[in-house]
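Single-letter residue listing:
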Amino acid sequence: MARVYATAEDYANWLDLTTPPEGIARSLARASQLVDWLLVTAVYATDPVGYPTDPDKRAAVRDATCATVAWWEDTGDDTGAAARYTSAGIGSVTLSRANTPTAATPAGAQAARLAPEAMQLLADAGLGDGPVEQEVARWR
């Protein structure tokens, strides 16, 4: 079973909400998968289930998960698909691809899903090895 790094209550606390949004558990599970990808080359102690044992690192992973879902809410794009096009239409179908080389690729779409704040939280906690460092550098 995949790890989920934040609960609905964690997300509500992150955004200072009185109650968590309905259906937030699915978004947190998907964001946790993305955070796992960001941590793929990070080295840190884990419990038997794979969660960080260091409280600061565990908090950073939780907060990065919440920041990712908040980013998706802010951008309205949890898949990265919007990064691939600058405009779209329905009647007589009109699509305009993004003109930056990275945005038009699957990797560019994946990068659009990454919350800059989440990457900074992970990097600040010493979990910024591999993909995190590359993406943080890209956003600076």
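Look up a bit, the structure's there.
One numbering rule holds for all chains: residues counted from 1, following each sequence as written. Since the coordinates come from a predicted model, pLDDT governs what is reported: local features require at least 70, and pairs of side-chain atoms require 80 or more to be given and counted, while whole-chain, interface and lining totals use all residues. Side-chain figures throughout are based on the complete set of non-hydrogen atoms in the structure, without hydrogens or water.

What follows deals with the environment of Thr75. With respect to the helices and strands, Thr75 occurs in helix α3 (residues 55-75). For the pair Thr75 and Ala115, spaced 40 residues apart in sequence, the C-alpha to C-alpha distance is 9.8 Å. Helix and strand labels come from DSSP, where a helix needs a run of H or I of at least four residues and a strand needs a run of E of at least two; each type is numbered from the N terminus.

Each residue after the first adds 1.5 Å to the expected span of a helix. The first and last C-alpha atoms of α3 sit 30 Å apart over 21 residues, in line with the 30 Å expected at 1.5 Å per residue. Note on exposure labels: buried denotes an accessible area under 20% of the residue type's maximum, exposed denotes more than 50%, and partly exposed covers the range between, all computed with a 1.4 Å probe on protein chains only. Among the residues making up α3, those that are buried are Ala60, Val61, Asp63, Ala64, Thr65, Cys66, Ala67, Thr68, Val69, Ala70 and Trp72. Contacts are residue-level and defined by heavy atoms, with any inter-residue pair within 4.5 Å sufficient. Close packing links the buried residues of α3 with α1 (8-14), α2 (24-38) and α5 (116-124). Residue Asp54 occupies the N-cap position of α3, its side-chain oxygen lying 2.9 Å from the main-chain nitrogen of Asp56. N or O atoms closer than or at 3.5 Å make up a polar contact, with two conditions inside protein: a donor-capable atom paired with an acceptor-capable one, and, for residues adjacent in sequence, both atoms drawn from side chains.

The subject of this paragraph is α5. For α5, the complete set of buried residues consists of Ala118, Met119, Leu122 and Ala123. Taken around the axis of α5, the buried residues stretch over an arc of 130 degrees, which confines them to a single face. By construction, the arc corresponds to the directions joining the helix axis to the C-beta atoms.

Moving on to the packing of aromatic side chains. Only rings of Phe, Tyr and Trp enter the pairing, Trp through its six-membered ring, and a pair is recorded when the two centres are within 6.5 Å. The plane angle decides the type: under 30 degrees is stacked, over 60 is edge-to-face, the rest tilted. Applying the stated criterion across every chain, the model contains one aromatic pair. Taking the centre distance of 5.6 Å and the plane angle of 85 degrees together, the rings of Tyr5 and Tyr51 count as edge-to-face. You can see Tyr5 sitting in the segment before α1 and its partner Tyr51 sitting in the loop between α2 and α3, a full 46 residues away along the chain. Assigned by exposure class, Tyr5 and Tyr51 land together as buried.

All right, on to the packing of α3 against α5 then. Axes, fitted as lines to C-alpha atoms, cover a helix only where it is in contact. Angles between the N-to-C directions of the axes lie from 0 to 180 degrees. Interhelical geometry of α3 versus α5 gives an angle of 170 degrees and a closest axis separation of 7 Å. Judged on the interaxial angle alone, α5 and α3 are roughly antiparallel. Across from Ala60, Val61, Asp63, Ala64, Ala67, Thr68 and Trp71 in α3, the residues of α5 making contact are Pro116, Glu117, Ala118, Leu121 and Leu122. Charged residues are taken to be Asp, Glu, Lys and Arg, nonpolar residues to be Ala, Val, Leu, Ile, Met, Phe, Trp, Tyr, Cys and Pro, and polar residues to be all remaining types, Gly included. For the contact of α3 with α5, the class distribution of residues is nine nonpolar, one polar and two charged. Here the angle decides the label: under 35 degrees means roughly parallel, over 145 means roughly antiparallel, 65 to 115 means roughly perpendicular, and every other value means oblique.

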